[in-house]
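Descriptive structure summary
Read off the chains here:
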Amino acid sequence: MKKQKTTTQKPKLTYRVNEQIRVPEVRIVFQDGTQQVMKTIEARRMAEDRNLDLIEVQPNAEPPVCKLDNLGKLLFKMDKRDKDLKKKQKTTTLKELRFHPNTDKHDFDFKTAHLEEFLRKGNRVRATIVFLGRSIIYKDKGLELAERLTERLSCVSNRDGDPKFEGKKLFVYFEPDKKKIDAFERIKAKTSGPALTPAPAPVPAPEQKETPE
C-alpha cells in the first residue's frame, strides 16, 4: 500500500500586493512608525526602488493602509509562526475504559492506573460505567464508583462536569491538568529514586591453622 504524500500548504495572504492594489492612493506605514499618503503608483515605485513589495494590510481603511516589506520573507515568517503554533498545540486524544457498578478492587485499580497514565500523557479520558440487565436499578453504585474515580484521578486531572447517564451507561470525563501532572511527576521521581545496588556480602577471612612448635 503506497503512502500518500502530504503537502505543506503555504500560508495564504489575505490582502493584495503590488499590481493587485488598484486604488488611486494608499497610506504607507514605514518601519519607523511614520505615515504618508501617496498615489499608489508612486508607492509601488518606491517599493521597487527598495527591492521590496507593496503589501496592503488594512484594505477597509480610507485610504487603504500598506507597508513596504519583502513578500518572500513575510511568507516565511507566517509559515514559521504557523508551525510554531502547531507545535504548541498538543493533539488531545479521547481514551476510554469501561467499568461495571460491581467492578472489583483489583480490576478497578488496574483500569484506573491506565486512565492515570493516559492523563499523564496529556490525553482526555472517559470512564464508561455500563449497567448490564437489571443492574440499572443500582444507579447509586455507579455514582459511587464515579466519585471513587474522581478522587483517584484528582492528582493528575480535573473532572469535566458531572457524571451523565445515557440509557444504561454512565459517562464520566476527565481533563488532564498540566500543573497537577508536573507536581505528580516530581513527587514520583523523588519517592522512586535510583535503584540501589546491594552492597556485596563481606568475604570471610581465611582460617589460620595453628602449627605445633
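Each remark here, short or long, concerns the structure printed above.
Summarised in this report is the structure supplied together with it. As the structure is a computational prediction, the values presented were derived from the model and not from experiment.

Each value, and the rule that gives it
Residues numbered from 1 in each chain as written. Predicted model: local features only at pLDDT ≥ 70, side-chain atom pairs only at ≥ 80, totals over all residues. Heavy atoms only, no water. Pairing = 2+ DSSP bridges. Helix = DSSP H or I, 4+ residues; strand = E, 2+ residues; numbered from the N terminus. Axes fitted to C-alpha atoms, helices over the stretch in contact; angles between N-to-C directions. Contact = heavy atoms within 4.5 Å. Salt bridge = Lys/Arg side-chain N within 4 Å of Asp/Glu carboxyl O. Core = buried A, V, L, I, M, F, W, Y, C linked by side-chain atoms within 4.5 Å. Buried < 20%, exposed > 50% of the residue type's maximum accessible area, 1.4 Å probe, protein only. Phe/Tyr/Trp six-rings, centres within 6.5 Å; stacked < 30°, edge-to-face > 60°. Lys NZ or Arg CZ within 6 Å of the ring centre and 35° of its normal.

This part covers the sheet that holds strand β1 (residues 25-29). Strands sit in the order β2-β1-β4-β3 across an open sheet of four strands; the sheet is mixed. Looking along the sheet, the strands with just one partner apiece sit at the ends: β2 (35-39) and β3 (53-58). The average undirected angle you get between the axes of adjacent strands in this sheet is 40 degrees. Here helix α1 (residues 40-49) sits on the sheet and contacts β1, β2, β3 and β4 (65-69); the angle it forms with β2, its principal contact strand, is near 115 degrees.

With that settled, the discussion passes to the pattern of salt bridges. If you walk through the whole model with that rule in mind, you get 16 salt bridges. Linking K83 and D79 is a salt bridge whose minimum nitrogen-to-oxygen distance equals 3.6 Å. Remark: D79 and K83 occur in helix α2 (residues 71-88); sequence separation between them is four residues, near one turn of the helix. Across the salt bridge formed by R120 and E117, the nearest N and O atoms sit 3.3 Å from each other. Of this pair, R120 and E117 are both found in helix α3 (residues 105-120), three residues apart, which corresponds to roughly one turn of the helix.

Among the nonpolar cores identified, the biggest contains 18 residues, and F99, L115, L119, A127, I129, L149 and F174 are the most heavily contacted of them. The leading source of residues in this core is helix α4 (residues 139-153), at four residues. In this view, L115 contacts L97, F99, V125, A127, L149 and L153; residues no more than four positions away in its chain are not counted. In terms of nonpolar packing, the next biggest core, distinct from the first, is built from 10 residues, V26, F30, A43 and L68 among them.

Here we come to the packing of aromatic side chains. Summed over all chains, the structure comprises two aromatic pairs. Seen from their ring centres, F99 and F108 are 6.1 Å apart, and the 55 degrees between their planes marks the pair as tilted. There is no split in this pair, since F99 and F108 are both buried. Plain terms: the ring middles of F131 and F165 are 5.8 Å apart, the flat faces sit at 40 degrees to each other, and that makes the pair tilted. Remark: F165 occurs in strand β8 (residues 164-166) and F131 occurs in the loop between β6 (124-130) and α4; sequence separation between them is 34 residues. We note K139 situated over the ring of F165; from NZ or CZ to the ring centre the distance is 4.9 Å. The positively charged end of K141 is found above the aromatic ring belonging to Y138, 5.1 Å away from the centroid.

Without other data, these values stay purely geometric and don't point to any function.
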